[in-house]
Amino acid sequence: MALANWAGNVTFTPDRLVSPTSVDELCGVVASASRVRALGTGHSFSAVADSADVLVSVAGLPRVVDVDPAAATARVSAGLRWGEIAPDLQASGLAVHTLGSLPHISVAGSVATGTHGSGDRNGCLATAVTALELVSVGGERRTVRRGDEGFDGSVVALGALGVVTHVTLALVPSYDVDQTVLEDLPLDAALEHLDTVLGSAMSVSLFTTWRGRGFEQVWIKHRVGDPDVDLSWTGATRADGPRHPVPGADPVHCTTQGGVVGAWFERVPHFRLDFTPSSGAELQTEYLVPREHGAAALRAVDAVRDLVAPVLQVSEIRSVAADGLWLSPAYGRDSLAIHFTWVADTARVLPVVAAVEDSLAPFDPRPHWGKVFATDPARVAESYPRMDDARRLLLEHDPDGVLRNDFVDRHLLIAP
Ligand SMILES: Cc1cc2nc3c(=O)[nH]c(=O)nc-3n(C[C@H](O)[C@H](O)[C@H](O)COP(=O)(O)OP(=O)(O)OC[C@H]3O[C@@H](n4cnc5c(N)ncnc54)[C@H](O)[C@@H]3O)c2cc1C
């Protein structure tokens, strides 16, 4: 059968898609499949989720959101979307330390690829995970906990260690955020003072179409209680109404701006759960470079803006804190994430992706696993100091590759 991702531009070709309603049923599915992969909400733009035999969704498993306020943790069903668990966490006075730009993605799917939001002190979503319950080769149930051997290679694992059924998350006390959009931050001011700009609030995103000489929008998510940082000296000015990061798109899809205080889960994502995120018709690409090379990497993209701009809807620049998860694109380095929302035209976009990769090559870019990239897998592998350990872990648990696909084998340099 042929199935498409959320944007309709990646085709999966499993023999069948199944959605078990109990973990026992899921164990039977995994035990009997020749190849099995999990599909989350299908928001990836790479073939990372594809399967040659069975694709399995855990969205049909019973809903579990067990919050332990004393321990500040929650055990949740892996197929739930962040926006679906957030109100329960909030009701217990708890929160996730970060969120991606959209609350529509599943917990397991976003954790598996190292999905991140922005913030100098915010690790990716996977850094909140303290335990994973999964169904592994042969339908065997397994739990991996923080501190266990191999845990750091099991969280961002591209779905290749088994089908995750439940995730336990470490939470923080609930917090409020006000979101303000600034406009027209000059490029030179931004690059000369990148640390100051990105460090001005808990989460900062810079948006540019690479058509003018600056960032048309700066989204500042300020945590109530943190100091207010004034960026007016850069020349940026406060937007006079709500904005959408994609030029011409309706801001009704976006979370509340204008400095109005709200709960973390209603401000940290850019897009509202009940509306379409981003533009809907698009391809995406993103590279994480070491933070110290951030300004130089942006200058390198600036040098190819004439190629980028004609096929781009918008670029977003964010910061991500270093983590210790072996396959996380932010492994071992505070990072600058340079993202591109392209037009939905693969033939026109791919040559530009290659040009961007050439320009970023001196900065050791790590592509987002869930987005479009063309980097030579050997270069990707070289960029991850614990790649050998990650490969060993996958082979140890699944020597025959029942849980892997071509994408995983190619990028982890596992011979077919
Ligand atoms: C509009 C839009 C905005 C985005 N914004 C951001 C952003 O702000 N930051 C960012 O970093 N990325 C962003 N992304 C990318 C997106 O977050 C990632 O691609 C993410 O992995 C998607 O999650 P998903 O649930 O759709 O997973 P899928 O795309 O369905 O799957 C991704 C991977 O997770 C695995 N997986 C899924 N479920 C399970 C499970 N139960 N057990 C084991 N493995 C599983 C799959 O096998 C696959 O390898 C965005 C994408 C879109 C379309």
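Structure: see above.
A brief look at the structure comes next. (Residues numbered from 1 in each chain as written. Predicted model: local features only at pLDDT ≥ 70, side-chain atom pairs only at ≥ 80, totals over all residues.)

Our focus in this paragraph is the nonpolar core. In this structure, Leu89, Ala108, Val111, Val163, Val167, Val218 and Ile338 are the most contacted members of the largest nonpolar core, which totals 118 residues. Three or more residues apiece are contributed to this core by two domains, here domain 1 (3-56) and domain 2 (65-174). In contact with Val163, not counting residues within four places along its chain, are Leu26, Val30, Ala38, Val56, Val58, Leu134 and Val135. (Core = buried A, V, L, I, M, F, W, Y, C linked by C-beta atoms within 7 Å. Buried ≥ 20, exposed ≤ 12 C-beta atoms within 10 Å, placed from the backbone. Domains from an automatic or database assignment. Contact = placed C-beta atoms within 7 Å.)

Turning our attention to the environment of Gly235. The topology assignment puts Gly235 in the loop between β15 (214-223) and β16 (237-238). In sequence terms Gly235 and Val107 are 128 residues apart; their C-alpha atoms lie 39 Å from each other. What Gly235 contacts, discounting residues up to four positions off in sequence, is Asp184, Leu185, Pro186 and Ala189. (Helix = DSSP H or I, 4+ residues; strand = E, 2+ residues; numbered from the N terminus.)

Once that is clear, we can look at the site of the ligand. The immediate surroundings of the ligand are formed by 35 residues, with Gly40, Ser44, Gly109, Gly159 and Gly370 found nearest. If you list the elements that add at least two residues to the shell around the ligand, you get β4 (36-38), α3 (107-113) and β11 (163-170). Counted by class, the shell around the ligand contains 15 nonpolar, 19 polar and 1 charged residues. (Near = placed C-beta within 6 Å. Nonpolar A, V, L, I, M, F, W, Y, C, P; charged D, E, K, R; others polar.)

Our focus in this paragraph is the sheet that holds strand β10 (residues 140-145). The strand order across the open sheet built from 5 strands is β6-β7-β11-β9-β10, with neighbouring strands paired in antiparallel fashion. Of all strands in the sheet, those with a lone pairing partner are β6 (65-68) and β10, marking the two edges. Neighbouring strand axes in the sheet, compared pairwise and without regard to direction, differ in orientation by 15° on average. (Pairing = 2+ DSSP bridges. Axes fitted to C-alpha atoms, helices over the stretch in contact; angles between N-to-C directions.)

With that settled, consider the sheet that holds strand β3 (residues 16-18). Sheet strands pair by backbone hydrogen bonding; their relative direction is either parallel or antiparallel. The strand order β3-β5-β4 describes an open sheet built from 3 strands, whose pairing is parallel. Whereas interior strands pair on both sides, the edge strands pair on one side only; in this sheet they are β3 and β4. Each strand of the sheet is rotated relative to its neighbour by a mean of 25°, with strand direction disregarded. As defined by bridge partners, β4 adjoins strand β5 (residues 54-56) across 3 bridges and the pair is classed as parallel. Pairing of Ala38 across the sheet is with Val56, part of β5.

Moving on: the environment of Met1. Among the secondary structure elements, Met1 is positioned in the segment before β1 (3-4). Taking the C-beta count within 10 Å as the criterion, Met1 has 9 such neighbours and is therefore assigned exposed. Residues Met1 and Asp15, 14 residues apart in the sequence, show an inter-C-alpha distance of 5.5 Å.

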